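What the coordinates show
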Amino acid sequence: MSMQIKRFTPGPELKSFLERSSADQKEFEAGVRSIGAEIRQRGDAAIFELTQKYDGAEINAATFMVTDEEIDEAYDAVDNEYLTALLHAIDNIHDYHLRQKQNSWMESDENGNMVGAILRPMERAGIYVPGGTAAYPSSVLMNAIPAQVAGVPQIAMVSPPGRDGRMNPHTLVAAAELGLEEIYKVGGAQAIFALGWGTELVKKVDIITGPGNIWVTLAKKMVYGDCQIDMLAGPSEILIIAGANANPAFIAADMMSQAEHDVLARSILVTPSSELIEAVDAELDKQLALMSRKDIISKALSSYGAYILTEDLYDACRVANVIAPEHLELMVDNPFEWFNRLHNAGAIFMGQYTPEPVGDYLAGPNHILPTGGTARFYSPVSVNTFMKSTSLIYYTQEGIKCDADHIITLAETEGLTAHANSVRVRKNTLL
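Residues numbered from 1 in each chain as written. Predicted model: local features only at pLDDT ≥ 70, side-chain atom pairs only at ≥ 80, totals over all residues. Heavy atoms only, no water.

1. Describing the sheet that holds strand β5 (residues 154-159)
Pairing is parallel across the open sheet formed by 5 strands, whose spatial order is β6-β5-β4-β7-β8. Looking at strand neighbours, the two that pair on one side only are β6 (182-185) and β8 (228-229), the edges of this open sheet. Sheet topology places strand β4 (residues 124-128) next to strand β7 (residues 207-209); 3 bridges connect them, and they run parallel. Pairing of G126 across the sheet is with I208, part of β7. Most of the contacts of helix α8 (residues 188-197) go to β4, to which it runs at about 175 degrees, and overall it touches β4, β5 and β7. (Pairing = 2+ DSSP bridges. Helix = DSSP H or I, 4+ residues; strand = E, 2+ residues; numbered from the N terminus. Contact = heavy atoms within 4.5 Å. Axes fitted to C-alpha atoms, helices over the stretch in contact; angles between N-to-C directions.)

2. Quick word on the sheet that holds strand β3 (residues 114-121)
Pairing in this open sheet of 3 strands is antiparallel, and the strands run β2-β3-β14 from one edge to the other. Of all strands in the sheet, those with a lone pairing partner are β2 (105-108) and β14 (387-394), marking the two edges. Pairwise comparison of adjacent strand axes, ignoring direction, gives a mean angle of 10 degrees for this sheet. For β2 and β3, the ladder comprises 4 bridges, and the chain directions are antiparallel. Looking at β3, one finds that W105 is bridged to A117.

3. Details of the environment of D315
By secondary structure assignment, the location of D315 is in helix α13 (residues 313-323). Residue classification places D315 among the buried positions, given a relative accessible area of 12%. Measuring from C-alpha to C-alpha, the distance between D315 and P272 comes to 8.4 Å, with 43 residues separating the pair along the chain. Setting aside anything within four residues of it in sequence, one finds D315 in contact with P10 and T310. Only 3.3 Å separates the side chain of D315 from the backbone nitrogen of E311, close enough to count as a polar contact. (Buried < 20%, exposed > 50% of the residue type's maximum accessible area, 1.4 Å probe, protein only. Polar contact = N/O pair within 3.5 Å; in protein donor to acceptor, adjacent residues only side chain to side chain.)

4. Regarding the packing of aromatic side chains
Given two aromatic rings, one states the distance between the centres and the angle between the planes to describe the pair. Taken as a whole and judged by the stated rule, the model has 10 aromatic pairs. With 5.4 Å between their ring centres and 85 degrees between their planes, F48 and F64 make a pair best called edge-to-face. Of this pair, F48 sits in helix α3 (residues 44-55) while F64 sits in the loop between α3 and α4 (68-77), and the two are 16 residues apart along the sequence. Like F64, F48 is buried. Ring centres of F377 and Y378 lie 5.2 Å apart, and the angle between their planes is 50 degrees; this geometry places the pair in the tilted category. (Phe/Tyr/Trp six-rings, centres within 6.5 Å; stacked < 30°, edge-to-face > 60°.)

5. Quick notes on α3
Three- or four-residue spacings in an α-helix give side chains the same orientation, since the helix completes a turn every 3.6 residues. The first and last C-alpha atoms of α3 sit 16 Å apart over 12 residues, in line with the 16 Å expected at 1.5 Å per residue. For α3, every residue scored as buried is listed here: D44, A46, I47, F48, L50, T51 and D55. Of the surrounding elements, those touching the buried residues of α3 are α2 (25-42), β6 and α8. A positive backbone phi angle near 70 degrees is found at G56, which sits one or two residues after α3. (Expected span 1.5 Å × (residues − 1).)

Remember, this is a structural readout, not a statement about activity or role.
Right under this line is the structure:
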């Protein structure tokens, strides 16, 4: 086989492999900061120059935002089969996210004191959709639909144009079907800085969501604090836990489905069966020749692919929890008996007939997921990503009289006598 996928058992060698950075961020940080400085100083003029430099597209103030005419032309360029599939995906994704929406609440106690929370959508969201030479309409849906379900009134979409200065028609049709009207032809770090800080033509947003390359990720890191972000995402990854009876052809196909994203993408098989590893290795060799992106797949699997041989499936689950992958496929008999052992994963795909692309496109759950082990503390993009909470507190006279001594004691323990006094002066009026 042209690619040599690394083989491990749980131990120090595997730990070293997993800790190896998939991209040297310091190599890119200076370049990203330079772009940020340009956007800070020159706003839209810098955006147009950078779009020419990185995307080869001539954009100006008159062509920066997508027009209704371009939307109409996009519909003419896509077929009915695509539109039918797109509408099916929209329905599923909308239904799934609708179940996530939480309501404001308020409760009272025996003294009539009340506490609660008001849940409100953010006012303005910026969604990043990768583009240029490729089309990612699914990313339009996964960004915009939860924001719309949350009730965000303003959504600004950014995506890089092709060299002709136009956005991919499939991406535009997806945006149009969701009713998005504020769409800018800009990508990369410059798009993130424009959203996060604002320019003459782009109004500053409250949150930025969406996947992107290392330039996009570092820019999101730099604007965080000026606005909210969804997460700091890295290259895509899949981990497959497979029992001895798993279909090796399915596993090979699914490992390649992630490897084709990027030469930095990670594909890992974790199994107690050495025979299965050999069978998957043979299947990869067979199937690779049929792939249009076989060079990318081969490089990714050679550099970041791995077979991990464990003692049993219990051990496989322990390994998966340490790795905390973006996508976790559970190809075992009776997956419903095993999934509760998996605590750290962006999404779990259960059974032989639930490949990762089901989640990417149609099932309904969001495909913008934590990567690089951050599933230990990050969650997928959801309706809650676009909402904020405000606490509510109301105390009655009886309530403050009842709790005053406790509050005073705690405040004075911390040495905050003015805090204690603000309660004491109210207590004294009620004696």
